[in-house]
Amino acid sequence: MNLPSVKTRAFTLIELMIVVTIITIVSGASIPAFSKYIRKQNLKQSQEQIKSDFRNVQNKALTGALSDQQVGAPPQNMEFWGISFTENSPTYTYFISPTDLNCDTIQTQGSSNFSNDIVSKTSTCVFFSVSNGGITGPSPITVGYSGRDDNEVLNFNESGLIY
């Protein structure tokens, strides 16, 4: 009895090993690039978080939130909202103050944290005037990963523009 000839189509072991090798090489080359992309996006997200918080605090200043509060010793009228950054810290605080001269006479109102091991590279206070929303403080604010050189910068001017 003669069996009909059957043609089987399949990959050989060598062909499969070549495909697996190619996939491994492509994956190995793309993982560092993808990691760098993720780090950069985390920095941009932190920069956008600060922008949003700056605008939020600026709006509180412009609406006069807590403007009836007394701050400091001796008590003085609250004239400024602000954000305080500490170098190499993942946390920054919101505050009210009677003056924009220094960070000594502030009353803390809350705080926020950066995510993904990002820290402030700047140690400063930024003040927002209750009278006109103008910004006082050194520009720019820099954020980045601790111990790394890749940073993102937030700029602003005295008239209140945040960019």
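See the structure above.
Every value quoted in this text rests on a predicted model; they were computed, and no experiment measured them.

Enquirer: Help me out: how do you make sense of the overall build of the chain in this one?
Expert: If you tally the helices and strands in the chain, you get one helix and 10 strands. Moving toward the C terminus, one meets the helices and strands of the chain in the order α-β-β-β-β-β-β-β-β-β-β. In terms of overall dimensions, the chain is more spread out than a globule: its C-alpha atoms have a radius of gyration of 27 Å, far above the 15 Å expected for 163 residues. Projecting the C-alpha coordinates of the chain onto the three principal axes gives extents of approximately 110 × 30 × 25 Å.

Enquirer: Can you walk me through the state of the cysteines in this structure?
Expert: When the sulfur atoms of two cysteines share a covalent bond, that bond is a disulfide. One pass over the full model with this rule turns up one disulfide. There is a disulfide in this structure between Cys103 and Cys125, and the S-S distance comes to 1.6 Å. On the criterion of sequence distance, the pair formed by Cys103 in the loop between strand 4 (91-97) and strand 5 (107-113) and Cys125 in strand 7 (residues 124-129) is long-range, its members being 22 residues apart. Note on Cys103: relative accessible area 32%, which makes it partly exposed.

Enquirer: Got a minute to help me understand the nonpolar core in this structure?
Expert: Proteins that are soluble and globular tend to have nonpolar side chains buried together. Formed by 25 residues in total, the largest nonpolar core has its most connected members in Ile50, Phe54, Phe85 and Phe128. When contributions to this core are tallied by element, the ones reaching two or more residues are helix 1 (13-63), strand 3 (80-85), strand 4, strand 7 and strand 9 (141-145). Top contributing element to this core by residue count: helix 1, with five residues. Setting aside residues no more than four positions away along its own chain, Phe85 makes contact with Ile50, Phe54, Tyr92, Phe114, Ser120, Thr122, Ser123, Thr124, Val126 and Ile141.

Enquirer: Whenever I open this one, unusual backbone geometry confuses me. Can you help?
Expert: Peptide bonds are trans in most cases, and residues, glycine excluded, mostly fall at negative phi. With omega at -5°, the peptide bond leading from Ala73 into Pro74 counts as cis. Within the fold, Pro74 resides in the loop between strand 1 (70-71) and strand 2 (76-77). Going from Ser139 to Pro140, the amide bond is cis rather than trans, its omega being 10°. With respect to the helices and strands, the residue Pro140 is situated in the loop between strand 8 (135-136) and strand 9. Non-glycine residue Leu66 carries a positive phi angle of around 60°. Relative to the helices and strands, Leu66 is located in the loop between helix 1 and strand 1. Residue classification places Leu66 among the partly exposed positions, given a relative accessible area of 30%.

About the cut-offs
Residues numbered from 1 in each chain as written. Predicted model: local features only at pLDDT ≥ 70, side-chain atom pairs only at ≥ 80, totals over all residues. Heavy atoms only, no water. Helix = DSSP H or I, 4+ residues; strand = E, 2+ residues; numbered from the N terminus. Rg over C-alpha atoms; globule rule 2.2 N^0.38 Å. Disulfide = S-S within 2.5 Å. Buried < 20%, exposed > 50% of the residue type's maximum accessible area, 1.4 Å probe, protein only. Core = buried A, V, L, I, M, F, W, Y, C linked by side-chain atoms within 4.5 Å. Contact = heavy atoms within 4.5 Å.

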